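Take a look at the letters that make up each chain.
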Amino acid sequence: MSKAITFSEYGAPEVLRLSQVTTPEPGPGQVRIRVRAASVNPFDLKFRSGLMAGSVPARFPVVPGLDAAGVVDAVGEGAEAAVGDEVLGATAGGSYGEYALLDRPVAKPQALSWEAAASLVTVGRTAFRVLRQLGVQAGQTLLVHGAAGGVGTVAVQLAVADGITVVGTVGEHDIQRVTSLGATAVRYGDGWVERVKALAPRGVDFVLDASGAGVLADSVALTGDSAHVITIADMSAAEHGVRFSAGDSDQAEEPLPELVRLAAAGKLTVPIWRTYPLAEAAQAHTDLEAHRNRGKAVLLP
């Protein structure tokens, strides 16, 4: 037995409880890790609240969490890691616990902290995926809504590195940080369209919406083509003819090893806002729902 955060009904953060659970055993190709860090993603909040019940129904009790980094302590047949290896990856069966299972572990470089390693997984893979789905190329202009968030921050850095001109909508307090990543930062809120046009007089070719802030109609108008807009956060996408990107089903390549290499070399960063003991997972969810964070929240079992 081991400790994990579980919930047995949909609801507010208070449904998250520290529980005794059966320690998971790795299946073929899997490894079990002693979790050193588990990141908290927006999906976790939606999943816990029941907003995803129609598409991702829970089988209670549930251990939430998508990403973890830790030390391998058991391996399944054919696993591509050994006991004692430091690894990170997407979890099978939840990450908010003392132990978690990984299907495709990626080696964690010494230069990468546990918090950064856990935080990179979902936001990095998502940013890589949506940029490929958009098909934006060097020399074109990309507008990123929510450029200061986890996915937005990674997307900005990947796009800039590929020679793409990036404009990012952000809060006043994030303008300097996003500008330092190589983007042109624009304050979000009323008048954002005019501010973007002023800073991108040659127009905007593509838009990535990572904010879910009701910007799709204006984004389509900016690009002139709904196929040039993609969102990971606005459930009204279909009403605007915009693609909603979720999951990795159409991701032909696994970008995580390359993302890890870039992060270890200091060429890719994910802002870490705050760490919490595992038992304070409910507080982490509360803080994120109140938009108190300025970066990733990470649980430390």
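Summary of the structure given here.

Calculation notes
- Residues numbered from 1 in each chain as written.
- Predicted model: local features only at pLDDT ≥ 70, side-chain atom pairs only at ≥ 80, totals over all residues.
- Heavy atoms only, no water.
- Buried < 20%, exposed > 50% of the residue type's maximum accessible area, 1.4 Å probe, protein only.
- Helix = DSSP H or I, 4+ residues; strand = E, 2+ residues; numbered from the N terminus.
- Arc of directions from axis to C-beta.
- Contact = heavy atoms within 4.5 Å.
- Axes fitted to C-alpha atoms, helices over the stretch in contact; angles between N-to-C directions.
- Parallel < 35°, antiparallel > 145°, perpendicular 65-115°, else oblique.
- Nonpolar A, V, L, I, M, F, W, Y, C, P; charged D, E, K, R; others polar.
- Core = buried A, V, L, I, M, F, W, Y, C linked by side-chain atoms within 4.5 Å.
- Pairing = 2+ DSSP bridges.
- Phe/Tyr/Trp six-rings, centres within 6.5 Å; stacked < 30°, edge-to-face > 60°.

### A short note on helix α6 (residues 216-223)
Phase 1: For α6, the full list of buried residues reads L216, S219, V220, L222 and T223. All buried residues of α6 fall inside an arc of 160 degrees around its axis, so they share one side.
Phase 2: The inward-facing, buried residues of α6 abut β8 (141-145), α5 (192-199), β11 (206-209) and β12 (229-231).
Phase 3: One or two positions beyond α6, positive phi appears at G224, with a value near 80 degrees.

### Topic: the packing of helix α1 (residues 42-49) against helix α8 (residues 281-289)
Phase 1: In contact at an axis separation of 10 Å, α1 and α8 are set at 105 degrees when each is read in the N-to-C sense. If you check the angle between α1 and α8, you find them roughly perpendicular. On α8, the residues that touch D44, L45 and R48 of α1 are H285, L288 and E289.
Phase 2: For the contact of α1 with α8, the per-class residue count stands at two nonpolar, one polar and three charged.

### Description of unusual backbone geometry
Phase 1: Between F60 and the following residue, P61, the backbone shows a cis peptide bond with an omega angle of -10 degrees.
Phase 2: In this structure, P61 sits in the loop between α1 and β4 (67-75).
Phase 3: Here H291, not a glycine, exhibits a phi torsion of approximately 55 degrees, which is positive.

### Thoughts on the nonpolar core
Phase 1: Counting 47 residues, the largest nonpolar core has L88, L142, L158 and L208 as its most contacted members.
Phase 2: Elements with a minimum of two residues in this core: α2 (114-134), β8, α3 (150-161), β9 (165-170), β11 and α7 (256-264).
Phase 3: Among the elements that make up this core, the one with the highest residue count is α2 (twelve residues).
Phase 4: Setting aside chain neighbours within four positions, we find L142 in contact with L131, L134, V136, A159, I164, T165, V166, V167, F206, V207 and L208.

### Details of the sheet that holds β12
Phase 1: In spatial order, the strands read β10-β9-β8-β11-β12-β13; together these six strands make up an open sheet with parallel pairing. The open sheet has two free edges, formed respectively by β10 (184-187) and β13 (243-244), since each of these has just one partner strand.
Phase 2: Two elements, β9 and β10, share four bridges in a ladder whose sense is parallel. When the sheet's bridge partners are listed, T169 is paired in β10 with V186.
Phase 3: Running over the sheet, α5 touches β8, β9 and β10 and is turned about 155 degrees from β10.

### Description of the side chain of T141
Phase 1: Positionally, T141 belongs in strand β8.
Phase 2: By relative accessible area, which is 12% here, T141 ends up buried.

### Looking at the packing of aromatic side chains
For any pair of aromatic rings, the description consists of the separation of the ring centres together with the inter-plane angle of the planes.
Phase 1: Taken as a whole, this structure holds four aromatic pairs when the rule is applied.
Phase 2: Each ring, one from Y10 and one from F60, has its centre 5.1 Å from the other, and the planes form 70 degrees; the classification is edge-to-face. Pair noted here: Y10 is in the loop between β1 (2-6) and β2 (17-21) and F60 is in the loop between α1 and β4, with a separation of 50 residues, a long-range link.
Phase 3: We classify Y10 as partly exposed; its relative accessible area is 28%.
Phase 4: A relative accessible area of 37% places F60 in the partly exposed class.
Phase 5: An angle of 20 degrees between the planes, with centres 5.6 Å apart, marks the rings of F43 and F47 as stacked.

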